[in-house]
Amino acid sequence: MPEQAVRSRAHLQADCSRCAALCCVLPAFSASADFALDKPAGTPCPNLRADALCGIHEQLVERGFPGCVAFDCFGAGQRAVEVVIGPGPRPTPAALGADPALSADLGAALGVLRQLHEVLWHLTEAADRLPAGPLRDDVEAERTEVEALAASDRAVLVGLDAAARRRRAGPLLERASSELRARALPRGQRPARHRGADRSGVRWRGARLRGADLRGALLLGADLRGADLRDADLLGADLRGADLSGADLTGALFVTRTQLDAARGDAATRLPAGLARPSLWTRAGGGPRGDAAGRRG
């Protein structure tokens, strides 16, 4: 069965030119394997440039900031700025850090919107790929409701229980995954199940993982070169440092741009519809980096 093209999810992707470096100012960082330094909440990251973009974006992993690569606001940053500040000039990182009230408002909106946008990313894919029927109708109805909530004003947003909306969407995504994976496998074939398992560093080169349940699996540094990951469920799987060179992810479910940015791949890696190949995959090492279009990480 040919794969359906998914709807554009451009509004669910980070556009740092419309944001105010929220992810580089509002949260606190602790020196660790994910961040090379300590940064208090509300303080601009020292790597921010004068234009509020990351000055080391293409070297984030090499400079000790893989945690930045593994973060994606799903477009919530620019939407939070629009909701809280409205049209007009955006605050500089320094001004944002010096205004605790504004930082608190933006942080509250960002926290809610990020969860809603992530849910929308997955619900949109599920609704587009499911065949006509009651399940698709239910998923589309939930997607419409969440989209309406994400378009709410500040007063409504800050009072929302975004975690509850995520929990409500969970069973629908679970049912969608089960149906789509079952349709992709030969009759009688049972998919591999590695949900939530720690498979860090596993050697699965050329592995047959079509339709596998890899939801929430830890695949840090895994060798997945040439693996068949068609129609596998990768929702929440940690792919940091995983080698996807030559792997086939056609139809893989619930994959995000962040997962690909944090992994390694090459020109032979086949990706799900609607996701672009990270531009730096083709450079030497195909390292776990994002693209060079100015994302902060």
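Residues numbered from 1 in each chain as written. Predicted model: local features only at pLDDT ≥ 70, side-chain atom pairs only at ≥ 80, totals over all residues. Heavy atoms only, no water.

Of the regular secondary structure elements, the chain holds nine helices and zero strands. Each helix and strand of the chain, ordered N terminal to C terminal, gives the series α-α-α-α-α-α-α-α-α. Computed over its C-alpha atoms, the radius of gyration of the chain comes to 19 Å, within 12% of the 19 Å expected for a compact globule of 297 residues. Residues counted as buried form 50% of the 297 residues belonging to the chain. Nonlocal contacts in the chain, meaning residues at least 24 apart in sequence, comprise 50% of its contacts between residues at least 6 apart. Carbon and sulfur atoms form 52% of the exposed surface of the chain, whose accessible area is close to 13,100 Å². (Helix = DSSP H or I, 4+ residues; strand = E, 2+ residues; numbered from the N terminus. Rg over C-alpha atoms; globule rule 2.2 N^0.38 Å. Buried < 20%, exposed > 50% of the residue type's maximum accessible area, 1.4 Å probe, protein only. Contact = heavy atoms within 4.5 Å. Areas by Shrake-Rupley, 256 points an atom, 1.4 Å probe, with all protein chains shown as cover.)

What follows is about unusual backbone geometry. The backbone of A21 shows a phi angle near 60°, a positive value even though the residue is not glycine. Counting through the fold element by element, A21 comes out in the segment before α1 (22–25). Overall, A21 belongs to the buried group, its relative accessible area being 0%.

Evaluated as defined, the whole model comprises two aromatic pairs. With a centroid separation of 4.4 Å and 5° between ring planes, the pair formed by F29 and F35 is classed as stacked. Just as F29 is buried, F35 falls in that class too. Directly above the ring of W121 sits R9, whose terminal nitrogen or CZ lies 3.8 Å from the centroid. Geometry around F29 places K39 over its ring, the cationic atom sitting 5.1 Å from the centre. (Phe/Tyr/Trp six-rings, centres within 6.5 Å; stacked < 30°, edge-to-face > 60°. Lys NZ or Arg CZ within 6 Å of the ring centre and 35° of its normal.)

Across the chain, the average pLDDT comes to 89, with 92% of residues at 70 or higher. Ranking the elements of the chain by mean pLDDT puts helix α2 (residues 66–69) last, at 85, and helix α6 (residues 134–150) first, at 97. (pLDDT = per-residue confidence, 0-100.)

All right, on to the packing of helix α3 (residues 76–84) against helix α5 (residues 100–129) then. At their nearest, the axes of α3 and α5 sit 8 Å apart, and the two run at 130° to each other. For the element pair α3 / α5, the angle class is oblique. For the pair α3 and α5, the crossing hand works out as right-handed. Between α3 and α5, the contacting residues are A76, G77, R79, A80, V81 and V84 on the first element and L102, D105, L106, A109, L110, L113, R114 and H117 on the second. Its residues assigned to classes, the contact of α3 with α5 shows nine nonpolar, two polar and three charged. (Axes fitted to C-alpha atoms, helices over the stretch in contact; angles between N-to-C directions. Parallel < 35°, antiparallel > 145°, perpendicular 65-115°, else oblique. Left-handed = near helix turned anticlockwise from the far one by under 90°. Nonpolar A, V, L, I, M, F, W, Y, C, P; charged D, E, K, R; others polar.)

Okay, the environment of D198 next. Mapped onto the fold, D198 is located in the loop between α8 (162–184) and α9 (257–262). Take D198: its relative accessible area is 51%, and that puts it in the exposed class. Considering only alpha carbons, one finds D198 and L219, 21 residues apart in sequence, at a separation of 6.8 Å. Polar side-chain contacts of D198 include one of 2.8 Å to the side chain of S200. (Polar contact = N/O pair within 3.5 Å; in protein donor to acceptor, adjacent residues only side chain to side chain.)

Let us look at the packing of α5 against α8. Contact geometry of α5 with α8 gives a least axis separation of 10 Å together with a crossing angle of 20°. Regarding the angle of α5 to α8, the classification is roughly parallel. Considering only the axes of α5 and α8, their crossing is left-handed. Counted together, V112, Q115, L116, E118, V119, H122, L123, A126 and R129 of α5 and A162, A163, R165, R166, A169, L173, A176 and L180 of α8 form the full contact between these two elements. Tallied by class, residues from the contact of α5 with α8 come to 11 nonpolar, two polar and four charged.

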